[in-house]
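For reference, the chains in residue letters:
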Amino acid sequence: MFRKPENARMYWKQFMLQCNDIGIGSLGIICIISVFIGAVSTLQTAYQLVSPIIPKSTIAQIVRDTVILEFAPTLSCIVLCGVVGSKIASELGNMRVSEQIDALEIMGINTKGYLVLPKILAGLVTIPLLIMLAMILGIWGGRLAGTAAGIIDPTIFDTGLKMAFKPYNVYFALIKSVVFAFIITAIPAFYGYTVKGGALEIGHSSTRAVVVSCVLLLLADYVLSALLL
Amino acid sequence: MIELKDLKKSFDDKAVLKGVSIVMSDGKCNLIIGSSGSGKTVLMKCMVGLLKPTSGNVLYDGADFVNLNDKEQKAIREKIGMLFQGGALFDSQTVEQNVMFPLDMFTTDKYAKKRDRVKQVLDRVQLKEDAYKKFPSEISGGMQKRVALARAIVLNPKYLFCDEPNSGLDPQTSMVIDKLIHEITQEYDMTTIVNTHDMNSVMEIGDHIIYMHQGEKEWEGNNKEIILSENEKLNQFIFASEFLRDAKAMRTIQETGRIPESVQGGIKDAMEEKFNMDIDKDGHIGAPPKGNVPPKE
Ligand SMILES: Nc1ncnc2c1ncn2[C@@H]1O[C@H](COP(=O)(O)OP(=O)(O)OP(=O)(O)O)[C@@H](O)[C@H]1O
Ligand SMILES: [Mg+2]
């Protein structure tokens, strides 16, 4: 029987599987929260901007910038910390505790490379895409809510969207989402991979992974904003 | 050939293995027995490289596994199959995918060829085809063990390690697994190392038995010698079971013609009564129990 060191196709398969798990798996929740966040921020901005001097289109501008700069990347990623992070930590924790990782190790497979790396890479690829989607859906949700509540006319909203638009904001958000993606996948992977004990410890470690990655994410958000804005 | 030389392993300050030296018999079932906590699992994990020994050597055909580089370790690992205590099947994959996994990873064979090989080994462990598409959580513990065994042997390993292959199984299923391991060992000419505290397997498949006591090798021999051994600690371990105590007594009576001192109380009386009829002048029993051998004229 011919043996090849390790099969690159298996790694690719694993990567695609993780992209599916992380990307497609969180699509629903990201859609829901981003539409609502956009809607709520339109209503709240309109509520706060009562001065007749400020044109209505400013609402669109503010919604656009808050959604792009903060709400889409940071809020979505905090949700992803819970959704993706706990899944990664408990999956790897379960594999560790039930000796599946040892079984792979015995076969001569580099388990960090086979189990952890594809998760991080899949996160780095899919999470920024999810964030871009969240931006679009957030703004759309804002437009929808503004129109539905009769606060702002869609055409005025659209002109507002185009006013003083800085593409840099989008780059900034994407840079943030890449950093967040790393935190969301790598921290839980570490906690899960190094679990010792049984089912109880898997639970503990996945909770800890979510908490730690959330805090780190907010810290990174602050540092990046201070550095790049 | 696997050889352990003065293997020691401590966790923090706790010495678990205190200098173990063993030469495993090639092409045979090597059984490591001992009570819970005697260090069997740690010993096995040191052998396959899941734990790094504190000192000592694990030699595979003379090459010291502990000090090899990654690439050389990998070459040895490719000759190792291991059956874990809990089966360690990948729960996101079906039975068939589980067994095919090593083939996917390490061969460039076409799908049809891999599927044939999978069927071959699953047949070997007597798993029916309707189980192929099931997930590990959907099959019984005994079946999981068999699938795990199939996965361990699918790449034709030279060395097979089994950590408590029949823990959590009923005696009959245990026996089936034991026999499978024994037969497969002979068929594929593997060197098999089995951790167990099941005395049934010891008697059934113990070509070479190593008794571990508190991190040390206390006794070594085969399944014929073990029952007659005079080693006190070993006797305490194996004759914890009444049944085996009686078995040993019968054996001793047959071999020496005397009722051993370990037999006490009611059983002793019953035996004396049974053998009383024909005790010669030296106190030896003339004939074994009725029914086995026709009584002397
Ligand atoms: N990772 C570890 N860290 C610290 N101590 C350990 C570790 N693994 C095992 N031990 C200790 O080593 C001793 C031997 O454990 P081991 O699992 O080898 O026993 P065993 O003979 O396999 O028992 P059993 O029959 O119950 O499986 C135990 O006292 C255990 O506490
Ligand atoms: Mg054990």
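Residues numbered from 1 in each chain as written. Chains lettered and ligands numbered in written order. Predicted model: local features only at pLDDT ≥ 70, side-chain atom pairs only at ≥ 80, totals over all residues. Heavy atoms only, no water.

Visitor: Could you give an account of helix α6 (residues 171–187) of chain B, with specific residues and numbers?
Guide: Residues and elements named next belong to chain B. End to end, α6 covers 24 Å across 17 residues, agreeing with the expected 24 Å (1.5 Å per residue, within 8%). Buried within α6 we find Ser174, Ile177, Asp178, Leu180, Ile181, His182, Ile184 and Thr185. Where α6 ends, the next residue or the one after it, Asp189, has phi of about 55°, a positive value. (Helix = DSSP H or I, 4+ residues; strand = E, 2+ residues; numbered from the N terminus. Expected span 1.5 Å × (residues − 1). Buried < 20%, exposed > 50% of the residue type's maximum accessible area, 1.4 Å probe, protein only.)

Visitor: Give me empty space enclosed by the protein: which residues, what numbers.
Guide: Counted according to the given criterion, the structure contains two cavities of 30 Å³ or more. As a volume, the largest cavity reaches approximately 170 Å³. A:Met107, B:Ile80, B:Gly81, B:Arg151 and B:Ala152 are, among the 16 residues lining the largest cavity, the residues nearest its centre. Sorting elements by how many residues they give to the lining of the largest cavity places strand β6 (residues 80–83) of chain B first, with three residues. (1 Å grid on protein atoms, 1.4 Å probe; cavity = no way out; pocket = protein on both sides within 12 Å on 5 of 7 lines; lining within 4 Å. Points joined across faces, edges and corners; volume = space filled by probe spheres on them.)

Visitor: For the interface of chain B and chain A, give the residues involved together with the corresponding values.
Guide: Each side of the interface is counted separately: chain B has 28 residues, and chain A has 23 residues. Summing both sides of the interface, chain B and chain A together bury roughly 2500 Å²; the carbon and sulfur share of this comes to 61%. Among the residues of chain B in contact with chain A, B:Arg77, B:Met105 and B:Phe106 are the three that bury the most area, contributing 27% of the side total. For the pair chain B and chain A, the interface holds one salt bridge. Across the pair B:Lys45 and A:Glu99 runs a salt bridge whose closest N-O atoms are separated by 3.9 Å. (Contact = heavy atoms within 4.5 Å. Buried area = accessible area lost by both parts, 1.4 Å probe. Salt bridge = Lys/Arg side-chain N within 4 Å of Asp/Glu carboxyl O.)

Visitor: Give a description of the side chain of A:Thr42 that names residues and reports values.
Guide: Residue and element names in this part refer to chain A. Counting through the fold element by element, Thr42 comes out in helix α2 (residues 27–48). For Thr42, a relative accessible area of 0% puts it in the buried group. Those residues within four positions of Thr42 in sequence are excluded, and the remaining contacts are Ile59, Val63, Gly142, Arg143, Gly146 and Phe157.

Visitor: Tell me about the site of ligand 1, and name the residues and values.
Guide: Residues and elements named next belong to chain B. Among the 13 residues in the neighbourhood of ligand 1, the closest are listed as Lys14, Ser36, Gly37, Lys40 and Thr41. One nitrogen or oxygen atom from the side chain of Ser36 is found 2.3 Å from an oxygen atom belonging to ligand 1. In the model, an oxygen atom of ligand 1 is placed 3.1 Å from a nitrogen or oxygen of the Gly39 main chain. Ranked by residues supplied to the shell around ligand 1, first place goes to helix α1 (residues 40–48) with three residues. Its residues assigned to classes, the shell around ligand 1 shows three nonpolar, seven polar and three charged. (Near = heavy atom within 4 Å. Polar contact = N/O pair within 3.5 Å; in protein donor to acceptor, adjacent residues only side chain to side chain. Nonpolar A, V, L, I, M, F, W, Y, C, P; charged D, E, K, R; others polar.)

Visitor: Summarise the sheet that holds strand β5 (residues 63–64) of chain B; cite the residues concerned and give the values.
Guide: Residue and element names in this part refer to chain B. Pairing is antiparallel in the open sheet, where four strands are placed in the order β2-β1-β4-β5. The open sheet has two edge strands, β2 (14–23) and β5, and neither has a second partner. Across five bridges, the pairing between strand β1 (residues 2–11) and strand β4 (residues 55–60) is antiparallel. What sits directly across from Ile2, in β4, is Tyr60. Packing of α1 onto the sheet brings it into contact with β1, β2 and β4, and relative to β1 it is tilted by some 120°. (Pairing = 2+ DSSP bridges. Axes fitted to C-alpha atoms, helices over the stretch in contact; angles between N-to-C directions.)

Visitor: Break down the packing of helix α3 (residues 57–97) of chain A against helix α8 (residues 199–228) of chain A for me, citing the residues and quoting the values.
Guide: Residue and element names in this part refer to chain A. Contact geometry of α3 with α8 gives a least axis separation of 8 Å together with a crossing angle of 150°. When the axis of α3 is compared with that of α8, the two are roughly antiparallel. Seen from above, α3 lies across α8 with right-handed handedness. Considering only residue class, the contact of α3 with α8 consists of 11 nonpolar, nine polar and two charged. (Parallel < 35°, antiparallel > 145°, perpendicular 65-115°, else oblique. Left-handed = near helix turned anticlockwise from the far one by under 90°.)

Visitor: Can you lay out a nonpolar patch on the surface for me, pointing to particular residues and giving the numbers?
Guide: All names here are of chain A. Side chains of Leu216, Leu219, Tyr222, Val223 and Leu227 sit close together on the surface and give an oily, nonpolar patch of about 530 Å² of accessible area. Mapped onto the secondary structure, Tyr222 falls in helix α8. The class for Tyr222 is exposed, based on a relative accessible area of 61%. (Patch = residues over 30% accessible without salt bridge, like charges linked within 9 Å, V, L, I, M, F, W, Y side chains within 5 Å. Areas by Shrake-Rupley, 256 points an atom, 1.4 Å probe, with all protein chains shown as cover.)

Visitor: Give me the pattern of salt bridges: which residues, what numbers.
Guide: Following the criterion strictly, the structure yields 19 salt bridges over all chains and no others. Between B:Asp104 and B:Lys114 there is a salt bridge whose closest N-O contact spans 2.7 Å. A residue pair is termed long-range when its members are at least 10 positions apart, and B:Asp104 in helix α3 (residues 95–106) and B:Lys114 in helix α4 (residues 111–124) qualify at 10 residues. For the pair B:Asp104 and B:Lys114, a shared accessibility class is recorded, and that class is buried. As a salt-bridge pair, B:Lys119 and B:Glu129 come within 3.4 Å of each other at their nearest N and O atoms. Residue B:Lys119 is located in helix α4, and its partner B:Glu129 is located in the loop between α4 and α5 (141–153); the two are separated by 10 residues in the primary sequence. Through salt bridges with shared partners, a single network forms among A:Asp21, A:Lys87, A:Glu91 and A:Lys119.

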